Amino acid sequence: MKKLVIFDLDGTLLDTLEDIRECINVVLENNGYKTLSKSEVLKCVGYGAKKLVYLAANKPDDEKWEKMFNEYVPLQLASDNSKTVLYDGLDNVLVELKNRGYKLAIVSNKPDSVTQPVVKQKLGKYGFDFITGNRPELFNPKPDKSCVEYCLNTLSIKKEDAIFVGDSEVDVQTFKGAGVDGIGVLWGFRPKEMLVDAGCERFAENAEQLLNEIIKM
């Protein structure tokens, strides 16, 4: 039995896309850019808020990029997350994993200042043992392995005793780079083909399959 399950947040545990879209569209509109559809925003997420702003604004110059990023983060902080929901069946997965003695962690590329409140609001009852968003003063964001290594070191868990669960090619690159076993979920922000191309070998189409995959590893 593994000891730790590390989850990505957006697209893996929580469907945050509509709240993200609302915030980025406010920034785009305020700066003279066209607003984006859900499918267009979907292509921009995964690498963190700063890259999201960069891609959503079609690669602006550095000064404009920084300005828009500094507008975006406070909007995310002020969001009531009313459209953000836990994916179907994951309540049972998280409760069952805790009951079986697994430690639970979240490693997200969202700014840590945004990650902490949304996790507290939407996932606080599950007793996660470690939660972090992007903290550049301590480690590099995914797909760099240092964020996972920071989590493992904090919890004193060996990499062979951990599983990483994510929904994107970024997550696959992360767990492979860190030498951690991983599972790609197919309800999130990326199609299966992108996960396969990144080297993912284990998949879960629904929450029940995810629980079964974790338990048998």
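Structure's up top.
These remarks concern the structure in this document.

Each value, and the rule that gives it
Residues numbered from 1 in each chain as written. Predicted model: local features only at pLDDT ≥ 70, side-chain atom pairs only at ≥ 80, totals over all residues. Heavy atoms only, no water. 1 Å grid on protein atoms, 1.4 Å probe; cavity = no way out; pocket = protein on both sides within 12 Å on 5 of 7 lines; lining within 4 Å. Points joined across faces, edges and corners; volume = space filled by probe spheres on them. Nonpolar A, V, L, I, M, F, W, Y, C, P; charged D, E, K, R; others polar. Core = buried A, V, L, I, M, F, W, Y, C linked by side-chain atoms within 4.5 Å. Buried < 20%, exposed > 50% of the residue type's maximum accessible area, 1.4 Å probe, protein only. Helix = DSSP H or I, 4+ residues; strand = E, 2+ residues; numbered from the N terminus. Contact = heavy atoms within 4.5 Å. Salt bridge = Lys/Arg side-chain N within 4 Å of Asp/Glu carboxyl O. Polar contact = N/O pair within 3.5 Å; in protein donor to acceptor, adjacent residues only side chain to side chain. Phe/Tyr/Trp six-rings, centres within 6.5 Å; stacked < 30°, edge-to-face > 60°.

### What to know about the layout of surface pockets
At step 1: Volume-wise, the largest pocket comes out at about 200 Å³.
At step 2: Taken together, Tyr33, Lys34, Leu36, Glu40, Lys43, Cys44, Leu55, Ala56 and Asn58 make up the lining of the largest pocket.
At step 3: Across the lining of the largest pocket, the residue classes tally to five nonpolar, one polar and three charged.

### Focus on the nonpolar core
At step 1: One finds Phe7, Leu13, Tyr72, Leu123 and Leu210 to be the most contacted residues of the largest nonpolar core, which totals 51 residues.
At step 2: In terms of residue count, the dominant contributor to this core is helix 1 (residues 17–30) (six residues).
At step 3: When residues no more than four places from it in sequence are discounted, the contact partners of Leu13 are Phe7, Asp8, Val85, Leu86, Tyr87, Leu90, Leu94, Ile106, Leu123 and Phe128.
At step 4: Counting 22 residues, the second largest nonpolar core, distinct from the first, contains Phe139, Val148, Val180 and Cys200.

### Topic: helix 7 (residues 146–155)
At step 1: Within the sequence span of helix 7, burial applies to Ser146, Cys147, Val148, Cys151, Leu152 and Leu155.
At step 2: Looking at the buried side of helix 7, the elements it contacts are strand 1 (4–7), strand 4 (103–111), strand 5 (130–134), strand 6 (162–166) and helix 8 (169–178).
At step 3: Ser156, located one to two residues past helix 7, shows a positive phi value of around 55 degrees.

### Some thoughts on the pattern of salt bridges
At step 1: All chains considered together, the criterion is met by 17 salt bridges.
At step 2: Where Asp91 meets Lys125, a salt bridge forms, and the shortest distance between an N and an O atom there is 3.3 Å. Of this pair, Asp91 sits in helix 5 (residues 90–99) while Lys125 sits in the loop between helix 6 (112–123) and strand 5, and the two are 34 residues apart along the sequence.
At step 3: Arg135 is the salt-bridge partner of Glu137, the closest N and O atoms lying 3.5 Å from each other.
At step 4: For Glu137, a relative accessible area of 58% gives the class exposed.
At step 5: Since its relative accessible area comes to 27%, Arg135 is described here as partly exposed.
At step 6: A network of salt bridges, in which partner residues are shared, links Asp8, Lys142 and Asp171.

### As for the side chain of Ser79
At step 1: Here Ser79 lies in the loop between helix 4 (62–78) and strand 3 (85–86).
At step 2: For Ser79, a relative accessible area of 17% gives the class buried.
At step 3: Only 3.0 Å separates the side chain of Ser79 from the backbone nitrogen of Asn81, close enough to count as a polar contact.
At step 4: Contacts of Ser79, omitting those with residues within four sequence positions, involve Asp19 and Cys23.

### Things to note about the environment of Leu42
At step 1: Here Leu42 lies in helix 2 (residues 38–42).
At step 2: The sequence separation of Leu42 and Gly188 amounts to 146 residues, and the corresponding C-alpha distance is 9.9 Å.
At step 3: Those residues in contact with Leu42, other than ones at most four positions away along the chain, are Leu17, Phe189 and Arg190.

### Some remarks on the environment of Pro60
At step 1: Its location among the elements puts Pro60 in the loop between helix 3 (49–56) and helix 4.
At step 2: Judged by relative accessible area, which is 9%, Pro60 ranks as buried.
At step 3: In the structure, Pro60 is positioned 50 residues away from Lys110 in sequence and 20 Å away in space, judged by C-alpha atoms.
At step 4: For Pro60, the residues in contact, after removing those within four places along its chain, are Tyr33, Tyr54 and Trp65.

### Looking at the packing of aromatic side chains
At step 1: A full pass over the atoms with the stated rule returns six aromatic pairs.
At step 2: A centroid spacing of 5.1 Å and a plane angle of 45 degrees characterise the contact between Phe139 and Tyr150, whose relative ring orientation is tilted. Here Phe139 is found in the loop between strand 5 and helix 7, whereas its partner Tyr150 is found in helix 7, with eleven residues between them in sequence.
At step 3: Accessibility expressed as a relative area gives 5% for Phe139, which makes it buried.
At step 4: Tyr150 sits in the partly exposed class, given a relative accessible area of 27%.
At step 5: Aromatic pair Phe164 and Phe175: ring centres 6.3 Å apart, planes at 40 degrees, arrangement tilted. Here Phe164 is found in strand 6, whereas its partner Phe175 is found in helix 8, with eleven residues between them in sequence.

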